Amino acid sequence: MKVFRFYEHGGPEVLRLEDVAIGEPQRGELRIRNTAVAVNFRDVLVRRGTHAVKAFPSGIGVESAGVVDAIGPGVNDFAVGQRVVCVAGPDTAYAEARIIPAARAIVLPPAIDERTAAAMMIRGMTARYLLKETYLVKPGDSILIHAAAGGVGQIVCQWAKHLGATVIGTVGSDEKAAVARAHGCDHALVLGKDDIAERVRALTGGEGVPVVYDSIGKATFEDSLRCLRRRGILASFGEASGDPDPVPPRRLGQLGSLYVTHPSLGDYTATRAALVEAANDLFNMVTSGKVRIDIGTTYPFAEAPRAHADLEARRTIGSIVLTVP
Ligand SMILES: NC(=O)c1ccc[n+]([C@@H]2O[C@H](COP(=O)([O-])OP(=O)(O)OC[C@H]3O[C@@H](n4cnc5c(N)ncnc54)[C@H](OP(=O)(O)O)[C@@H]3O)[C@@H](O)[C@H]2O)c1
């Protein structure tokens, strides 16, 4: 079967499509034949080396959806032929087929097709924990979400509106501002054009927001701090532009006793029960129509390097998915 692997960190060109034998699932594992593979921004960070891999050659990608075609010993709650999605599994998702721990697999409801699943699970479960656990968004809150037209961003905007919040978002262009607004963003600010901290203060009567969701990192971190109200929370959950500069804790005091956290989906879905609860909550939001999943672009599986190049050049809108023939 065809698998993307890489032998060194670098640009999209380090991803090589190779023929690899897959083998049989061992105890606690499933083998799935992928039909859709998620391209998450995290995959770009792994490929670049911002997140180190355990060993080379390494596979890439953690999320894919497909059909179970073999089951290892000790797995009782899955059946061959079932449609499943693997959420945050091992770095082997960019493949025609893969072996995954059954503990990271979720059976898809009939209403969710595999491409939609690959577009929404990590992104939607991330949106969920950010809005309901890192900070519990309440009706009447104003929140700030960066990359509001991106994969995570579109879901955060819609879910936050459902929770009764006013959503302020940042985007990279006027075109993306229109997309963010179409997904519930009340005020779409354009990076490099608007003074983000000044606009957020103006939109919140001078007070600032209780929470900023920042996945851009270095380029926005300082502005994010300056947008917070007293005792507000900066959820720094990604670093698309690089790691932010260090901040001495005393400075957080000077800015209003702020909190800074770097949350990760793995820590919010560490148990099977937490993973299933989060998945079911997300499925309910999507199947009830409260959150719409728009797949921004699909690429043929073999064009994963082009998908990476587009994602890191900020050319994509919403979630992107590789379709496996
Ligand atoms: N911690 C967690 O648990 C967790 C889980 C999932 C995802 N994440 C993070 O959440 C973010 C969103 O993930 P996603 O897969 O849905 O990606 P995405 O938001 O669709 O794509 C990244 C977006 O970031 C913005 N951006 C701003 N500066 C950038 C730069 N220098 N380079 C590249 N992009 C830049 C771009 O939007 P504009 O052009 O509109 O600015 C770009 O479209 C990523 O940073 C990812 O690592 C974290």
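Residues numbered from 1 in each chain as written. Predicted model: local features only at pLDDT ≥ 70, side-chain atom pairs only at ≥ 80, totals over all residues. Heavy atoms only, no water.

## Comments concerning the overall build of the protein chain
The criterion, for reference: The secondary structure listing takes helices from DSSP runs of H or I that are at least 4 residues long and strands from runs of E that are at least 2 residues long, numbered from the N terminus. Radius of gyration here uses only the C-alpha atoms, and the compact-globule reference equals 2.2 Å multiplied by the residue count raised to the power 0.38. The cut-offs for exposure are 20% and 50% of the maximum accessible area for each residue type, with area from a 1.4 Å probe on protein chains only; residues under the lower value are buried, those over the upper are exposed, and the others partly exposed. For every accessible area listed, the method is Shrake-Rupley and the probe measures 1.4 Å; residues are considered covered only by the protein chains on display. The convention is simple: Lys and Arg are positive, Asp and Glu are negative, and His and the chain ends are not counted. Charge placement uses NZ in Lys and CZ in Arg. For Asp and Glu, CG and CD serve respectively.
In terms of regular secondary structure, the protein chain is built from ten helices and 16 strands. The globule rule puts the C-alpha radius of gyration for 325 residues at 20 Å, and the 20 Å found for the protein chain is close to it. Considered along the principal axes of its C-alpha atoms, the protein chain spans approximately 60 × 40 × 35 Å. Across the 325 residues that make up the protein chain, the buried fraction comes to 52%. Per element, the accessible surface of the protein chain, about 13500 Å² overall, is 51% carbon and sulfur. The average position of the 37 basic charges and that of the 36 acidic charges among the side chains of the protein chain differ by 3 Å.

## Quick notes on helix α3 (residues 151-162)
Side chains of residues three or four places apart in an α-helix project in the same direction, reflecting 3.6 residues per turn. Applicable threshold: Expected helix span is taken as 1.5 Å per residue step, with the number of steps being one fewer than the number of residues. The contact criterion used throughout is that any non-hydrogen atoms of two residues lie within 4.5 Å.
For α3, built from twelve residues, the straight-helix expectation of 16 Å at 1.5 Å per residue is met to within 8% by its first-to-last C-alpha distance of 18 Å. With ten of twelve residues buried, α3 is to be regarded as a mostly interior element. By the burial criterion, the buried members of α3 are Gly151, Val152, Gly153, Gln154, Ile155, Val156, Cys157, Gln158, Trp159 and Ala160. In this structure, the buried residues of α3 make contact with α2 (114-134), β9 (142-145), β10 (166-171), α4 (174-182), α9 (272-287) and β16 (319-323). A positive phi of about 95° marks Gly164, the residue just after α3.

## What about empty space enclosed by the protein?
Over the atoms, a rolling probe the size of a water molecule traces out where space has been left empty. Our working rule: Cavities and pockets are found on a 1 Å grid laid over the protein atoms alone: a cavity is a set of points where a 1.4 Å probe fits but cannot escape, a pocket is an open set with protein on both sides within 12 Å along at least five of seven lines, and a lining residue has an atom within 4 Å of such a point. Grid points are joined across faces, edges and corners, and a volume is the space filled by probe spheres set on the points. Amino acids outside the nonpolar list (Ala, Val, Leu, Ile, Met, Phe, Trp, Tyr, Cys, Pro) and the charged list (Asp, Glu, Lys, Arg) are all regarded as polar, and Gly is one of them.
Enumeration over the complete set of coordinates arrives at one cavity of 30 Å³ or more. In this structure, the largest cavity encloses a volume near 40 Å³. Along the walls of the largest cavity sit Ala119, Gly151, Gln154, Ile155, Arg292, Ile293, Asp294 and Ser319, which together make up its complete lining. Here the lining of the largest cavity gets three residues from one element, more than from any other, and that element is α3. Residue composition of the lining of the largest cavity, grouped by class: three nonpolar, three polar and two charged.

## Digging into the nonpolar core
Here is the rule we go by: What we call a nonpolar core is a set of buried Ala, Val, Leu, Ile, Met, Phe, Trp, Tyr and Cys residues that are connected through their side-chain atoms within 4.5 Å.
Val87, Met121, Met125, Leu131, Ile143 and Tyr213 are the most contacted members of the largest nonpolar core, which has 58 residues in total. Examining the composition of this core, we find that eleven residues originate from one element, α2, more than from any other. Apart from residues no more than four positions distant in its own chain, Ile143 is found in contact with Leu131, Val137, Val156, Ala160, Ala165, Thr166, Val167, Ile168, Val209, Val211 and Tyr213. Among the nonpolar cores identified, the runner-up in size contains 20 residues, and Val44, Ala93, Tyr299 and Val324 belong to it.

## Examining the layout of surface pockets
When its volume is computed, the largest pocket comes out at roughly 1200 Å³. In terms of lining, the largest pocket is formed by 45 residues, of which the most central are Phe41, Arg42, Val152, Ser215 and Gly238. Only α1 (41-48), α2, α3, β10, α8 (265-268) and α10 (304-312) provide two or more residues apiece to the lining of the largest pocket. For the lining of the largest pocket, the element with the highest residue contribution is α2, accounting for four residues. Classifying every residue of the lining of the largest pocket by side-chain character gives 20 nonpolar, 18 polar and seven charged. Considering only enclosed or pocket space, the second largest pocket measures out at about 220 Å³ in volume. In this structure, the second largest pocket is lined by 13 residues; those nearest its centre are Val53, Lys54, Ala55, Ser58 and Asp91. Residue assignment for the lining of the second largest pocket shows that the elements contributing at least two residues are α1 and β4 (58-59).

## Remarks on the site of the ligand
Convention followed: Any residue with a heavy atom positioned within 4 Å of a molecule or strand is treated as near that molecule or strand. Any pair of N or O atoms that falls within 3.5 Å is considered a polar contact. Within protein, one atom must be able to donate a hydrogen and the other to accept it, and sequence-neighbouring residues count only if both atoms are side-chain atoms. A molecule is counted as occupying a cavity or pocket when more than half of its atoms fall within 2 Å of that pocket's grid points.
Taken together, the neighbourhood of the ligand is formed by 28 residues, with Tyr129, Gly172, Lys176, Leu265 and Arg314 sitting nearest. A distance of 3.2 Å separates an oxygen atom of the ligand from a polar atom in the side chain of Arg123. Here Leu265 contributes a backbone N or O atom positioned 2.8 Å from an oxygen atom of the ligand. Surface burial for the ligand is 92%, taken as the share of its 900 Å² of free accessible area covered by protein chains. Under a 2 Å grid-point criterion requiring more than half of the atoms, the pocket assigned to the ligand is the largest pocket.

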